[in-house]
Amino acid sequence: MVNVIWILFILIGLVIAVFNGKVAEVTQAALDNAKYAVELCFGLIGVYALWLGLMRVAEEAGLVNKISKKMQGMMRFLFTDVPARHPAIGAMTMNIIANMLGLGNAATPLGIKAMKELQDLNPHKEEATDAMCMFLIINTSSVQLIPTTVVALRSAAGSSNPTEIIGTAFIATVCSTMAGIIAAKVLQRYY
Amino acid sequence: MANIMDIISSFAIPAFIFIVLVYGHLKGVNVYESFVEGAKEGFTTAVKVLPYMVAMFVAIGIFRASGSMGILVSFISPVTELLGVPAQILPLVIMRPISGIASTGILAEIFKVYGPDSFIGRVASTVMGSTETIFYTLSIYFGAVGIKKIRYTLWAALLAEIVGLIASVVVCTIVFGR
C-alpha cells in the first residue's frame, strides 16, 4: 500500500508539474528534500543514541518490566498474540507511555525496538502480524496527553491561552484511538 | 490546570532521565557502561531509517511543488463541508497524516492568517494535537524490520484519523462555540 501511494505521489506530481509548468520547481523540491531527509536522519542519531542508552539502563534495572506490569491487563487485551513476558510488551509499553507524554523523539527509537522484538515472533518475515498492526495503529492515532508542539506554536502566534486546546485535543485523541483499536480488532478477522 | 500541564510538559524529559538513572544506580546497574552499550544502536537505527526518509520526502516534495496538493484540496472540499469541517483547515488535514514537519508549517500559517484563538485556529490546534503522521510512522517502523505486507494497518489508521478530525470539530464547537 505504501508502495502504491509512493508511486502515485511521484507520478501524479510529475504529470501535473508538466501541465502547470512547474518542472523546475519539482526538480528543485526533489533534490532539496532528498538532502533534507539525510540531514534529518543524521540529526536523529544523537537522540536515538540518547534514548536507546537510557532504555538499556532502564531495561537492565528492571524498570521496563515494573512499568509494564501496571499496564499488563490492557496490553494483553490489545496484543493477544504476544506472550505476556515477551520483551516486545515492555518496549511497546514504554513507547506508548512516551507518546502519551508527547516525547516524540523518545517514542520513535522505543517503537523501532518494539517492532524488532515483534519481528522475532513473526513466522512470515515480510508480512505484518496482528500485534504489529495494532501497535502502529495506536501509534498513528497518538494517545497524547500534552500536544507540546501545538502549545508552543500557539504561544508563539500570540494566543491569549495557548494551553486551552489540551482538553479538546485529549478528548479527540481518545475518540480516534478508540476508533483505531476497534477497527484493528474487527479488520484482523478478515485480513 | 493549565499550570499543571505546563509543569508536566517541561519536566517530562528531565524527570524521565532522572528516574531512569537513579533507579538503575539503586538497582546496582553500571549505569554509564550500560548507557553506552545501548547508545551504540542509535547510529545503526538512524542509518537504517535513512533510505525510507529520502523516499518519502522526495515523493511529497514532488507532489507539493507540482501544484497537485492544491488540486487535491479543491476536489475534497465539497465533501468535508458536509461534515462541518472548515475548508480553511483542509491543507492541514491532508498534510497531517503525511508529514509532521510540513503539517507543523501549515498550522503556523493558519495561526498567522486566522489567529490561534479563532474557531479555525482552535480546530486546527485540536486536530494537530490529537492526530499523528501516518505514512511517516508506518514507513519508519515497518521499514526498520523489513515488513512489506502491511495488511489493514493503513485503513484502520486513516479511519482513526477521520474520527479524530470529526471529534475535533464537534468538541471545539461544544467547548468554544463557533
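Residues numbered from 1 in each chain as written. Chains lettered and ligands numbered in written order. Predicted model: local features only at pLDDT ≥ 70, side-chain atom pairs only at ≥ 80, totals over all residues. Heavy atoms only, no water.

Draft legend 1. Layout of the layout of surface pockets. A volume near 780 Å³ is recorded for the second largest pocket. Considering the residues around the second largest pocket, the lining is formed by 30 residues, among which Leu72, Ile76, Ile94, Pro97 and Leu158 of chain B are closest to the centre. Every element with two or more residues in the lining of the second largest pocket is listed here: α1 (2-20) of chain A together with α3 (68-82), α4 (90-95) and α8 (153-176) of chain B. In terms of residue count, the dominant contributor to the lining of the second largest pocket is α3 of chain B (seven residues). Partitioned by chemical class, the residues of the lining of the second largest pocket number 25 nonpolar, three polar and two charged. (1 Å grid on protein atoms, 1.4 Å probe; cavity = no way out; pocket = protein on both sides within 12 Å on 5 of 7 lines; lining within 4 Å. Points joined across faces, edges and corners; volume = space filled by probe spheres on them. Helix = DSSP H or I, 4+ residues; strand = E, 2+ residues; numbered from the N terminus. Nonpolar A, V, L, I, M, F, W, Y, C, P; charged D, E, K, R; others polar.)

Draft legend 2. Seen up close, the packing of helix α9 (residues 165-187) of chain A against α8 of chain B. α8 of chain B packs onto α9 of chain A with a crossing angle of 150° between their chain directions and a minimal axis gap of 8 Å. The angle between the axes of α9 of chain A and α8 of chain B places the two elements in the roughly antiparallel class. The two elements α9 of chain A and α8 of chain B meet at a crossing, and its hand is right-handed. Where α9 of chain A abuts α8 of chain B, its residues Ile165, Thr168, Ile171, Ala172, Cys175, Ser176, Ala179, Gly180, Ala183, Ala184 and Leu187 of chain A lie against Ala156, Leu159, Ala160, Val163, Gly164, Ala167, Ser168, Val171, Cys172, Val175 and Phe176 of chain B. (Axes fitted to C-alpha atoms, helices over the stretch in contact; angles between N-to-C directions. Parallel < 35°, antiparallel > 145°, perpendicular 65-115°, else oblique. Left-handed = near helix turned anticlockwise from the far one by under 90°. Contact = heavy atoms within 4.5 Å.)

Draft legend 3. Highlighting empty space enclosed by the protein. One pass over the full model with this rule turns up one cavity of 30 Å³ or more. Here the largest cavity is characterised by a volume of approximately 50 Å³. In terms of lining residues, the largest cavity is bounded by Leu52, Met55, Arg56, Glu59 and Lys113 of chain A together with Gly38 and Glu41 of chain B. Put simply, the parts of the chain that give the lining of the largest cavity at least two residues each are α2 (23-61) of chain A together with α2 (31-65) of chain B. Take the lining of the largest cavity: its biggest share by element is four residues, from α2 of chain A. For the lining of the largest cavity, the residue count by class is two nonpolar, one polar and four charged.

Draft legend 4. Highlighting the interface of chain A and chain B. Taken together, the contact between chain A and chain B spans 99 residues of the former and 93 residues of the latter. Taken over both partners, the interface formed by chain A and chain B buries close to 8500 Å², and the fraction arising from carbon and sulfur atoms is 77%. Across the contact surface, chain A and chain B share seven salt bridges. Note that aspartate 130 of chain A is salt-bridged to arginine 151 of chain B, the shortest N-O span being 3.0 Å. The interface formed by chain A and chain B holds 20 residue pairs in polar contact (both at pLDDT 80 or more) in total. When residues of the side of chain A that touches chain B are traced back to their parent elements, those giving at least two are α1, α2, α3 (63-70), α5 (87-100), α6 (104-120), α7 (130-141), α8 (148-156) and α9 of chain A. Per element, the largest residue contribution to the side of chain A that touches chain B is 26 residues, and it comes from α2 of chain A. Partitioning the side of chain A that touches chain B into residue classes produces 59 nonpolar, 28 polar and 12 charged. (Buried area = accessible area lost by both parts, 1.4 Å probe. Salt bridge = Lys/Arg side-chain N within 4 Å of Asp/Glu carboxyl O. Polar contact = N/O pair within 3.5 Å; in protein donor to acceptor, adjacent residues only side chain to side chain.)

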